[in-house]
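Secondary and tertiary structure notes
Letter by letter, the chains look like this.
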Amino acid sequence: MSERQAKPTWDQILNRRQAIGGVGVAGLLLLSACTTGKPKNLANASGKLAAGAKIPSKQAAAAAQITIAIPDGSTDVSPATPLTVSVVGGTITGVKVTDANGAVINGAPDATAANWANTDPLVFGANYSVFATASNADGKSENKTASFTTVTPASLVYPGIGPLDGTTLGVGIPVRVYFDHPATDRKTVEQALKVTTTPAQTGSWNWISDTEVHWRPQVYFLAGTTVSIETNIFGVAFGRGVFGKVNRTVNFAVGDAVVSKADTQSHQMQVFKNGTLLRTIPISAGEEVPGKYTHNGVHVINDKFAELTMDSSTFGLALDAPGGYTAKVQWATRMSNNGEFVHSAPWSLAQQGNSNVSHGCLNASPANAEWFYNLSTPGDIVEVSGSPIPLTQADGDIYDWTIPWATWQQGTAIK
């Protein structure tokens, strides 16, 4: 350049910096103050620790907080109550649970080591002591203790379950659970019961009495269904000091859909398997006089006998009363507990298909009765129509399908 450029003034430098970097005068002055002030406390200008200065210490971790789920001093605890220990702000380092005799109740922590639960069951009428330890992030240990007693029951209930485990039954079989002591607290007991169907099907419990509860689907089970029944009543309060004794699980399968339709007016019984008509059987139903009618409604096959001596006294008609009888029959397939069977009746062949002359059974020819006997499985259905007398609870223990679904649902204790 021919002429030396004039040296910029301080104001020009400031203006140029403001235009380029957006930093104002105040910002520069602040920067200047930060870089020219005297070092404080820890380091002097040379970067060495100032005399008398202290390095700040790390803040101590909070103490671990232990919680034992069953409070100290608790009494009448159900042995089904989970015994858990949890910690906040640390990890569990040990839990020891012993009874009054020193026997150890084992348990295990979860993957986080923040929660522990018993794996051995508690028992009725026992005293337990719990000693739990945990450490925080600094390794400082904390501990907590508790003691409690489990309830001593007045009585224990064992659940009976039908169907039996491992069986294969018909599409009309209901689930039945029986108790040897009354369930005065039906809701609590029902909450401990569970039925799982595969494939899933809508169903409901219905209390027959305080000692018997049934579950059935809205419509007949689908053929091929698998069913699991869980009675998780251990430690469950039935009321009045009575508790469940043990949990039980039963699994059964549903076979083919065998549904027969017996019309007492046409005197014919159509037998269907999975929707296909297999055979139409001429029958003679109950004579149309009081005390002999075959009952109307859905019957469930529940037993069968190659030979059977029928006795009217078994369903309330004395042998010496008018109409009382005994008779030996073959191929008897029982469809209710009031004495109604499908069975061989060679003495009524002339009436089968055109009139009703039996004491309430469905009479069939020997060949047809044997065929039906061999086909039938407990849980199969016989739908009787044409009779003025309905099947009711008085006719046996499986009358579930005679109750309309809306009414059946009202029988649950869980509203």
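Scroll up to find the structure this text is about.
Right, let's walk through the structure included here. (Residues numbered from 1 in each chain as written. Predicted model: local features only at pLDDT ≥ 70, side-chain atom pairs only at ≥ 80, totals over all residues. Heavy atoms only, no water.)

**As for the side chain of His 343**
- Following the sequence through the fold, His 343 ends up in strand β26 (residues 341-344).
- Of the residues examined, His 343 reaches a relative accessible area of 3% and is grouped as buried.
- Here His 343 is in contact with Met 310, Val 329, Gln 330, Trp 331, Ala 332, Cys 361, Leu 362, Asn 363, Ala 364 and Ala 369, once residues within four sequence places are set aside. (Helix = DSSP H or I, 4+ residues; strand = E, 2+ residues; numbered from the N terminus. Buried < 20%, exposed > 50% of the residue type's maximum accessible area, 1.4 Å probe, protein only. Contact = heavy atoms within 4.5 Å.)

**Section: the side chain of His 214**
- The residue His 214 is located in strand β15 (residues 212-217) in this model.
- On the basis of relative accessibility, which here comes to 0%, the residue His 214 falls in the buried class.
- With near-sequence residues (within four places) excluded, His 214 lies in contact with Val 175, Arg 176, Ser 204, Trp 205, Asn 206, Ile 208, Asp 397, Asp 400 and Trp 408.

**Comments concerning the environment of Trp 207**
- For Trp 207, the location among the structural elements is in strand β14 (residues 203-209).
- A relative accessible area of 7% places Trp 207 in the buried class.
- Between the alpha carbons of Trp 207 and Arg 186 there is a distance of 8.4 Å; along the sequence they are 21 residues apart.
- Contact partners of Trp 207, with chain neighbours within four places excluded, come to Phe 179, Ala 183, Arg 186, Val 189, Glu 190, Glu 212, Val 213, Gly 411, Thr 412 and Ala 413.
- Among the polar contacts made by the side chain of Trp 207, one reaches the side chain of Glu 190 at a distance of 2.8 Å. (Polar contact = N/O pair within 3.5 Å; in protein donor to acceptor, adjacent residues only side chain to side chain.)

**Considering helix α4 (residues 366-375)**
- Within the span of α4, buried status applies to Asn 368, Ala 369, Phe 372 and Tyr 373. Across the axial projection of α4, the buried residues extend over an arc of 135°, all falling on one side. Exposed positions of α4 whose direction lies more than 90 degrees from the buried face are Ala 367 and Asn 374. (Arc of directions from axis to C-beta.)

**Things to note about the sheet that holds strand β4 (residues 91-99)**
- One open sheet holds the 4 strands; their spatial order is β2-β8-β7-β4, and the pairing between them is mixed. Both outer strands of the open sheet, β2 (74-77) and β4, are each paired with one neighbouring strand and no more. Pairs of neighbouring strands in the sheet enclose a mean axial angle of 25°, with direction left out of account.
- As judged from the 2 bridges shared by β2 and strand β8 (residues 141-150), these two strands associate in the parallel manner. Within the sheet, the bridge partner assigned to Val 77 lies in β8 and is Thr 150. (Pairing = 2+ DSSP bridges. Axes fitted to C-alpha atoms, helices over the stretch in contact; angles between N-to-C directions.)

**Some words on the nonpolar core**
- Membership of the largest hydrophobic core comes to 34 residues, with the highest contact counts inside it found for Val 175, Phe 179, Trp 205, Val 227, Ile 233, Phe 238 and Phe 252.
- In contact with Phe 179, other than residues within four places in its own chain, are Val 157, Tyr 158, Pro 159, Val 189, Leu 193, Trp 207, Asp 210, Thr 211, Val 213, Ile 233 and Phe 238.
- Counting 22 residues, the second-largest nonpolar core is a separate cluster that includes Leu 83, Ala 126, Ala 134 and Phe 148. (Core = buried A, V, L, I, M, F, W, Y, C linked by side-chain atoms within 4.5 Å.)

**Overview of the pattern of salt bridges**
- Counted under the stated rule, the structure contains 5 salt bridges.
- Lys 273 serves as the salt-bridge partner of Asp 256, at 3.5 Å between the closest nitrogen and oxygen. Placement of Asp 256 in the loop between β19 (248-254) and β20 (258-263) and of Lys 273 in strand β21 (residues 268-273) is noted, with a sequence separation of 17 residues between them.
- Its salt-bridge partner being Glu 383, residue Lys 261 comes within 2.8 Å of it at the nearest N-O pair. On the criterion of sequence distance, the pair formed by Lys 261 in strand β20 and Glu 383 in strand β28 (residues 381-385) is long-range, its members being 122 residues apart.
- Take Lys 261: its relative accessible area is 38%, and that puts it in the partly exposed class. (Salt bridge = Lys/Arg side-chain N within 4 Å of Asp/Glu carboxyl O.)

**A closer look at the pairing of strand β3 (residues 84-88)**
- Residues Val 85 and Val 87 point to one face of β3 and are all buried, whereas Thr 84, Ser 86 and Val 88, pointing to the other face, are not buried.
- Where strand β1 (residues 65-68) lies against β3, 4 bridges are found, and the strand directions are antiparallel. Within β3, the position partnered with Ile 68 by the bridge is Val 85.
- As paired elements, β3 and strand β6 (residues 115-118) share 3 bridges and run antiparallel to each other. By the bridge assignment, Val 85 is partnered in β6 with Trp 116.

**A few points about the sheet that holds strand β5 (residues 107-109)**
- Sheet architecture is open: 4 strands sit in the order β1-β3-β6-β5, paired in antiparallel fashion. Of all the strands in the sheet, the pair left with one neighbour each is β1 and β5. Pairwise comparison of adjacent strand axes, ignoring direction, gives a mean angle of 15° for this sheet.
- Two strands pair when backbone bridges link them, and β5 and β6 are joined in this way by 3 bridges, in the antiparallel orientation. The partner of Gly 107 across the bridge, within β6, is Asn 118.

This is a description of form; function is not addressed.
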